[in-house]
Amino acid sequence: MKYLNEYRNLEATKGYLKLIAQTVTRPWQIMEICGGQTHSLVRNGILELLPEEVQMIHGPGCPVCVTPLQLIDKAVALLEQNVIVCSFGDMVRVPGSSKSLLEAKAIGGDLRILYSPMEAIKIARENPDKEVVFFAVGFETTAPANALSVLHAQKEGLTNYAILVSHVLVPPAMEGILEDKFCNINAFLGAGHVCAIMGMHEYYPLAEKYKIPIVITGFEPLDLVEGIYMSVKQLEEGRYEVENQYARVVKEAGNPEAKKIIDTVFEVGDRAWRGLGVIPKSGYVLKKAYQAYDAEVKFGIQAMTAPENPDCIAGQILKGIKKPNQCSQFGKICTPANPLGAPMVSSEGACAAYYHYSNNLISS
Amino acid sequence: MDSTNKGYTSINLGHGSGGLMTRELLDSHIFKTFSNPYLDQKHDGAIFNIEGPIAVSTDSFVVSPIFFKGGNIGELAIHGTVNDVAMCGAIPKFITLSFIVEEGLSMTDFTTIVNSIKSAADNSGVQVITGDTKVVERGKGDKIFINTTGFGEVHPKADIAASNIRSGDKIIVNGYLAQHGMAIMSQREGLEFESTIVSDTTNLNFIVKDLLDAFGSKIHLLRDPTRGGLASILSEIAEDTEKGIQLKETSLPIEKQVAAACEILGLDPLYVANEGVFVVVVDKAIEAEVLALMRKDSKGKYATCVGEVTTEHPGKVVMQSAIGGKRIVSPLIGEQLPRIC
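Source: prediction; values computed, not measured. (Residues numbered from 1 in each chain as written. Chains lettered and ligands numbered in written order. Predicted model: local features only at pLDDT ≥ 70, side-chain atom pairs only at ≥ 80, totals over all residues.)

*Asks:* Would you explain the overall build of chain A in this entry?
*Replies:* Helix and strand counts for chain A come out as 16 helices and 11 strands. Taken over the C-alpha atoms alone, chain A extends approximately 65 × 45 × 45 Å along its principal axes. Counting across all 364 residues of chain A, residues that qualify as buried make up 55%. A separation of at least 24 residues holds for 77% of the contacts in chain A among residues at least 6 apart in sequence. (Helix = DSSP H or I, 4+ residues; strand = E, 2+ residues; numbered from the N terminus. Buried ≥ 20, exposed ≤ 12 C-beta atoms within 10 Å, placed from the backbone. Contact = placed C-beta atoms within 7 Å.)

*Asks:* What am I meant to see in the domain arrangement of chain B here?
*Replies:* By a frequent convention, interface size equals the accessible area lost on bringing the separate parts together. All names here are of chain B. Entries for chain B in the domain assignment read domain 1 (13-154) and domain 2 (162-329). Look at where the C-alpha atoms of domain 1 and domain 2 centre, and you get two points 28 Å apart. The interface of domain 1 with domain 2 comprises 21 residues on the first partner and 20 residues on the second. Elements supplying a minimum of two residues to the side of domain 1 that touches domain 2: α2 (73-87), β4 (90-102) and α3 (107-124). Here the side of domain 1 that touches domain 2 takes nine residues from α2, the largest share from any one element. Residues of the side of domain 1 that touches domain 2, tallied by class, amount to 10 nonpolar, eight polar and three charged. (Domains from an automatic or database assignment. Nonpolar A, V, L, I, M, F, W, Y, C, P; charged D, E, K, R; others polar.)

*Asks:* Just checking my understanding: could you explain the domain arrangement of chain A for this structure?
*Replies:* Residue and element names in this part refer to chain A. Here the domain parsing of chain A yields domain 1 (5-64 + 176-244), domain 2 (66-169 + 254-298) and domain 3 (314-363). Here the C-alpha centroids of domain 1 and domain 2 sit 30 Å apart. Listed as interface residues are 13 residues of domain 1 and, on the opposing side, 17 residues of domain 2. Going through the elements one at a time, β2 (54-61), α3 (63-66) and α9 (192-198) are the ones with two or more residues in the side of domain 1 that touches domain 2. Of all the elements, α9 adds the most residues to the side of domain 1 that touches domain 2, at six residues. Of the residues that constitute the side of domain 1 that touches domain 2, the class distribution is nine nonpolar, four polar and no charged.

*Asks:* When you look at the sheet that holds strand β5 (residues 127-136) of chain B in this model, what are you seeing that I'm missing?
*Replies:* Residues and elements named next belong to chain B. Taken in spatial order, the four strands line up as β1-β6-β4-β5 in an open sheet, and their pairing is mixed. Every interior strand has two partners, whereas the edge strands, β1 (54-61) and β5, have only one. For this sheet, the mean inter-axis angle between neighbouring strands, taken without regard to orientation, is 15°. Taken together, the eight bridges between β1 and strand β6 (residues 144-154) define a ladder with antiparallel strand orientation. (Pairing = 2+ DSSP bridges. Axes fitted to C-alpha atoms, helices over the stretch in contact; angles between N-to-C directions.)

*Asks:* Help me understand the interface of chain A and chain B, please; the structure alone is not making it clear to me.
*Replies:* Listed per partner, the contact involves 42 residues of chain A and 25 residues of chain B. Looking at the side of chain A that touches chain B, the elements that each hand over two or more residues are α1 (10-23), α2 (35-43), α3, β4 (111-113), β5 (132-138), α15 (350-357) and α16 (360-363) of chain A. Tallied by class, residues from the side of chain A that touches chain B come to 20 nonpolar, 13 polar and nine charged.

*Asks:* Even after reading the chapter, I still don't get the pairing of strand β1 (residues 28-34) of chain A, so can you show me in this structure?
*Replies:* When a strand is regular, its side chains alternate between the sheet's two faces. Residue and element names in this part refer to chain A. For β1, the buried fraction is high: six of the seven residues fall into the buried class. The pairing of β1 with β2 spans six bridges and is parallel. Across the sheet, residue tryptophan 28 finds its bridge partner in β2, namely valine 54. One crossover worth recording links β1 to the parallel β2 by way of α2, and it is right-handed. In terms of strand pairing, β1 meets strand β7 (residues 187-191) through three bridges, oriented parallel. Among the inter-strand pairings, methionine 31 is bridged to a residue of β7, identified as phenylalanine 188. (Right-handed = clockwise from strand over helix to strand, strands pointing away.)

*Asks:* Explain the packing of α2 of chain A against α15 of chain A to me, please; I cannot follow it from the model alone.
*Replies:* Axis angle and axis distance: for two packed helices, these are the angle between their axes and the distance between the axes, and together they describe the pair. All names here are of chain A. At a minimum axis distance of 10 Å, the contact between α2 and α15 shows a crossing angle of 15°. One finds that α2 runs roughly parallel with respect to α15. Read as a crossing pair, α2 and α15 show a hand that is right-handed. Two secondary-structure elements touch here, α2 through Thr38, His39, Val42 and Arg43 and α15 through Ala350, Ala353, Tyr354 and Tyr357. (Parallel < 35°, antiparallel > 145°, perpendicular 65-115°, else oblique. Left-handed = near helix turned anticlockwise from the far one by under 90°.)

*Asks:* Explanation requested: the sheet that holds strand β13 (residues 326-329) of chain B in the structure shown.
*Replies:* Pairing between the strands of a sheet is mediated by backbone hydrogen bonds and can be parallel or antiparallel. All names here are of chain B. What the seven strands build is an open sheet, ordered β8-β10-β7-β11-β9-β12-β13; its pairing is mixed. The open sheet has two edge strands, β8 (219-223) and β13, and neither has a second partner. Direction aside, the axes of adjacent strands within the sheet are offset by 25° on average. Note that strand β7 (residues 170-173) and strand β10 (residues 279-282) share four bridges and pair antiparallel. Looking at the pairing, isoleucine 171 lines up with valine 281 of β10. Packed on one face of the sheet, helix α6 (residues 229-241) meets β8, β9 (244-248), β10, β12 (317-320) and β13 and runs near 150° to β9.

*Asks:* I tried to follow the environment of methionine 174 of chain A on my own but got confused; where do I start?
*Replies:* Residue and element names in this part refer to chain A. Within the element layout of this structure, methionine 174 appears in helix α8 (residues 170-179). As a C-alpha pair, methionine 174 and aspartate 294 span 120 residues in sequence and 27 Å in three-dimensional space. With near-sequence residues (within four places) excluded, methionine 174 lies in contact with Ile33, Phe188 and Leu206.

*Asks:* Before we go on, may I ask you to explain the environment of glutamate 226 of chain A in this structure?
*Replies:* All names here are of chain A. Looking at the secondary structure, you find glutamate 226 in helix α11 (residues 221-237). Take glutamate 226: there are 23 C-beta atoms within 10 Å of it, and that puts it in the buried class. Once residues lying within four places of it in the same chain are set aside, the contact partners of glutamate 226 are Tyr16 and Gln245.

*Asks:* Honestly, the packing of helix α1 (residues 20-34) of chain B against α3 of chain B in this entry has me stumped. Any pointers?
*Replies:* All names here are of chain B. Interaxial distance between α1 and α3 falls to 11 Å at its minimum, and their mutual angle equals 15°. With respect to each other, α1 and α3 are oriented roughly parallel. In the packing of α1 onto α3, the handedness of the crossing is right-handed. For the pair α1 and α3, contact is made by His29, Thr33 and Phe34 and by Phe110, Thr111, Val114 and Lys118, respectively. Of the residues assigned to the contact of α1 with α3, the class counts are three nonpolar, three polar and one charged.

*Asks:* Even after reading the chapter, I still don't get unusual backbone geometry, so can you show me in this structure?
*Replies:* With glycine set apart, most residues show a phi of negative sign, and most peptide bonds adopt trans. Of note, the amide linkage connecting serine 64 of chain B to proline 65 of chain B takes the cis form, showing an omega dihedral of 0°. Turning to its location among the elements, proline 65 of chain B is positioned in the loop between β1 and β2 (67-68). Non-glycine residue asparagine 82 of chain A carries a positive phi angle of around 65°. Take asparagine 82 of chain A: it is sitting in the loop between α4 (69-80) and β3 (84-87). With phi around 70°, lysine 143 of chain B is a residue other than glycine that occupies positive phi space. By the secondary structure assignment, lysine 143 of chain B is in the loop between β5 and β6.

See below:
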């Protein structure tokens with residue numbers, strides 16, 4: 001696979017691991033923001049190849065993990081109202097208060113697993129007598145396509161299409177973590193694909209204010225070890241800059257076209273994060289002009305609430321205060337087959353990643 | 001065989017009534033096609049002789065879509081059961097054939113499927129000896145479901161059991177992984193993507209027989225990693241034997257296009273279904289000979305040793321990644337779901 005195999009090269013990876021080992025002189029805690037990065041770190045066995053001074057902390061960048069329980073309940077409620085609910089794959093197994101989307105499907109709900117919201121537009125077009133809702137989950141990365149689906153629905157005059165929005169933003173989450181009094185993060189690996197859309201400008205004030213290095217990083221093994229090396233180098237040299245390891249994809253200004261589409265449909269608003277609570281100005285909500293496409297308004301389900309499982313420490317996991325294997329429920333009560341909280345469900349979730357791949361389990 | 005049946009262009013409830021319409025459908029599609037001394041008796045069941053110990057395996061086939069690149073549900077129903085019998089170290093001889101058809105299935109599709117079953121059975125050297133046809137109302141099935149049960153003679157030299165596995169044994173697969181699952185995936189509604197990936201559905205009984213003829217009890221275990229993929233089968237073996245399994249990521253035979261499709265869809269080929277793949281666990285002393293024999297067969301052309309059995313990490317499969325790290329390969333939980341981003 002051209003452009004992938006080059007970044008999975010043993011010798012090149014070893015080279016950066018050697019540089020990290022040569023550079024590091026004291027313990028550092030580095031948080032990778034994005035769940036995709038967590039997944040790749042564990043899947044490729046990178047964590048155990050790092051010198052012990054370098055500790056990776058798994059951040060909140062897994063959209064499935066931070067989508068509040070009540071949003072899942074709302075999607076289940078829509079299925080029970082005979083709405084066709086369309087969702088990305090890993091959202092469907094996340095347990096709601098009473099059931100997951102997959103369980104709601106088993107008892108008759110019309111759930112469709114899609115790769116793109118544009119497929120949902122097609123379904124709405126082909127089913128004019130049915131209501132169709134796309135579960136618009138994700139960070140800045142998935143926002144342009146979700147917004148585009150609304151613009152397409154509008155252009156085609158589809159009145160049977162709406163989106164259930166649970167869009168969250170990376171910079172406010174980083175700020176939330178840094179403001180936590182237990183925060184012990186020394187550097188961030190920035191989320192490469194989020195920055196591919198948004199660009200780099202949002203990160204300069206964060207690096208400056210909290211005096212913390214932010215290295216925008218990709219997802220392949222070589223990307224990750226290079227990003228970690230760049231972070232360690234900054235820390236050892238006492239610098240705190242925004243650097244771009246993922247320059248082959250991330251441009252300084254991001255993707256202006258995608259940003260324009262986001263700005264047309266969405267505006268920044270307060271959002272609840274699973275495990276973290278409400279963070280001000282931390283997500284996207286549909287603009288007034290597009291309220292007709294807001295599934296919560298359309299089906300009158302804004303007020304639904306749901307309490308979290310008290311035994312789940314997802315909040316501390318997502319903030320990097322605890323590691324999954326430090327949770328008393330981990331691997332015993334809480335497993336991918338019977339998850340108490342979302343980080344155990346998504347393949348990007350820190351708990352599931354630990355459960356599936358981590359060598360921490362080999363000795364236990 | 002006629003693709004219509006007395007003027008009917010599709011299967012309806014009458015074809016499962018047990019009356020004249022059923023009889024006519026069976027005469028035109030089943031008895032004529034599969035004619036053999038056992039079936040020709042048109043009895044409620046079949047009486048047959050098998051020498052020595054018998055291996056039996058049953059499987060139901062519900063694949064959607066029923067026609068996919070590289071095959072259809074009919075040949076899958078033969079290959080699947082033939083291979084399961086072969087994995088017991090046996091030579092498949094007889095097979096039963098049961099249909100559950102949803103009314104409305106076109107007679108042309110039914111005919112195509114029956115013809116595929118016939119050629120797959122002939123190519124595998126098995127005879128269809130008894131069967132059943134039921135028709136359910138529209139919406140109560142999904143076009144067609146097939147159940148087959150296979151019977152085989154256990155190979156006189158075979159001694160296939162997980163308990164025979166020893167530390168140091170080599171784990172060999174006969175060919176490319178994840179072909180079937182990705183061929184199906186490329187045609188699923190909502191996921192269609194253009195590719196030339198075709199299912200690897202095929203019968204493995206002859207290559208298995210050759211291995212048993214040549215190496216007998218030095219072949220310790222045979223398994224075909226269908227649903228759940230290679231990862232699930234190896235996890236099962238590790239758990240059952242309380243031995244460790246070491247895999248090497250760079251040794252896994254994965255065809256370029258399949259690797260790319262898995263990458264795009266966010267799926268792990270280790271968990272994707274296969275239909276023409278088998279895992280053979282052998283004494284380390286015969287690794288090279290086994291590979292040489294398999295590679296001479298068209299069904300083992302890409303045979304590769306992917307790992308070995310170890311005393312380390314008992315009960316767990318650990319894979320060495322391309323960049324030299326290690327990770328646990330756990331069994332598949334639920335269905336493999338594509339990731340958001």
